[in-house]
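So you can see what is in the structure, the chains are spelled out below.
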Amino acid sequence: MLKLYYNRISFNSSRVWIALLEKGLPFELVPMKLNGDQFQPEFLALNPFHQIPVLEDEGFVMVESLAILDYLEAKYPTPSLLPSDPQMLGTVKMVEMLTLTQMMPPMRPLMMHSMGFSQETPEKLQEAKQNIGQVLRFFESKLADRLFFGDEQLTLADIVAGTAIPFLPSLGLPLEDYPRLKEWCDRLMARESWQQTQPTEEEITEFKTQLKILLSQRR
């Protein structure tokens, strides 16, 4: 059976978790609290970079979420999470990479600020919002009138972007200026796979407490 080492607060973990659910694969969840358990010898034997997610498949170990998603698609192709049309496939891969390289980095200071841990200036926070806005405008144009980034089918692009974008309103970035993306978000959040993987308020509070402890230890 597939085994996923994960944390519910982790976007990287959530995208793999959702893909497993959407493909209907049997798997075991191994929760990681990230309170030092990621540095235990047993876990470091799986991932010496002490990061999640980690996927085990009959003794084969994968790290890095996008690589894991591609592996799952190659080994378990049904139902497919990639379009066959070359242009749609190009769009899907582009959205995946832009989410990681252009949207996630400016999200980090906003997340830290929302949790009360940020020392960034208001100017830096505003710059982060502007950078995210640029990505959202581009995604809005690429989504066009399609249900998903891969046209009529849910794809890896929707999973990768769709684990991050619904979180933006809580960071002071409402989606009302991006009506297509907002409808797309609502569509995703109504799916069982998204509902099943959403962290609870209790889990978010616990994560904030752990993060506060970790940050105080680094000072």
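The text that follows walks through the structure, step by step, so that each part is easy to find. (Residues numbered from 1 in each chain as written. Predicted model: local features only at pLDDT ≥ 70, side-chain atom pairs only at ≥ 80, totals over all residues. Heavy atoms only, no water.)

Time to look at the layout of surface pockets. The calculated volume of the second largest pocket comes to roughly 520 Å³. What lines the second largest pocket is a set of 24 residues, and nearest its centre among them are Phe11, Phe167, Gln198, Pro199 and Ile204. Elements supplying a minimum of two residues to the lining of the second largest pocket: helix H1 (11-23), helix H4 (86-114), helix H8 (192-197) and helix H9 (201-218). Sort the elements by how many residues they give to the lining of the second largest pocket and H9 lands first, with 4 residues. Tallied by class, the residues present in the lining of the second largest pocket amount to 13 nonpolar, 8 polar and 3 charged. (1 Å grid on protein atoms, 1.4 Å probe; cavity = no way out; pocket = protein on both sides within 12 Å on 5 of 7 lines; lining within 4 Å. Points joined across faces, edges and corners; volume = space filled by probe spheres on them. Helix = DSSP H or I, 4+ residues; strand = E, 2+ residues; numbered from the N terminus. Nonpolar A, V, L, I, M, F, W, Y, C, P; charged D, E, K, R; others polar.)

Attention shifts here to the environment of Leu4. Structurally, the position occupied by Leu4 is in strand S1 (residues 2-6). You can call Leu4 buried: its relative accessible area is 0%. Separated by 50 residues in sequence, Leu4 and Val54 place their C-alpha atoms 5.9 Å apart. For Leu4, the residues in contact, after removing those within four places along its chain, are Ser13, Val16, Trp17, Leu20, Glu28, Leu29, Val30, Pro53, Val54 and Leu55. (Buried < 20%, exposed > 50% of the residue type's maximum accessible area, 1.4 Å probe, protein only. Contact = heavy atoms within 4.5 Å.)

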